[in-house]
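# Analysis of the macromolecular model
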Amino acid sequence: IAFLTLRMLGRMDAALEIDTRTLRAPLLVIAGDHDPISPLADARAIANAAPHGTLVVVAYQRHDDLREGDPKKFDDALVEFLKSITEPLAATSGSL
């Protein structure tokens, strides 16, 4: 909703997937396949545009109920993503 509002106000002229191409950090996009606000095609484009993007699709879910629809899938995706970005940091923290 925030991105839609910014775009409507003229504060966000470029497509979001263009902005994600410059991300250096990993990006997790969790989307519902029945989302009328942020269609799955948009979520896929955003995740695919990011150099380190990951898309997780929660079946039969809309925009605001992703975790409620499949708590295990949502939680597992978040845990795996956080592990993927924190384990490399932990491995190098002693050598800094």
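Refer to the preceding data block for the structure.
In this report, the structure presented in the accompanying data block is examined. (Residues numbered from 1 in each chain as written. Predicted model: local features only at pLDDT ≥ 70, side-chain atom pairs only at ≥ 80, totals over all residues. Heavy atoms only, no water.)

Let us look at the pairing of strand β2 (residues 53-58). Two faces, one strand: in a regular strand the side chains alternate between the faces of the sheet. Strand direction decides the pairing type here: strand β1 (residues 27-32) and β2, joined by 6 bridges, are parallel. Its bridge partner lying in β2, Leu27 is registered against Gly53. For the segment spanning β1, helix α3 (residues 40-49) and β2, crossover handedness is right-handed. (Pairing = 2+ DSSP bridges. Helix = DSSP H or I, 4+ residues; strand = E, 2+ residues; numbered from the N terminus. Right-handed = clockwise from strand over helix to strand, strands pointing away.)

Here the focus is the side chain of Asp35. Examined against the element boundaries, Asp35 turns out to sit in the loop between β1 and α3. Put simply, Asp35 is tucked away with no salt bridge, and the nearest opposite charge, on Arg62, sits 7.0 Å away. If near-sequence neighbours (up to four positions away) are discounted, Asp35 is found in contact with Gln61, Arg62 and His63. (Buried < 20%, exposed > 50% of the residue type's maximum accessible area, 1.4 Å probe, protein only. Lys, Arg positive; Asp, Glu negative; His and termini not counted. Salt bridge = Lys/Arg side-chain N within 4 Å of Asp/Glu carboxyl O. Contact = heavy atoms within 4.5 Å.)

Its place among the elements puts Asp64 in the loop between β2 and α4 (66-69). Its relative accessible area of 70% is what places Asp64 among the exposed residues. Remark: the alpha-carbon pair of Asp64 and Asp35, spanning 29 residues in sequence, is separated by 8.4 Å.

Before going further, it helps to examine unusual backbone geometry. The backbone phi angle of Tyr60 is positive, close to 65°, even though this residue is not glycine. Among the structural elements, Tyr60 can be located in the loop between β2 and α4. By relative accessible area, Tyr60 is classed as exposed at 67%.

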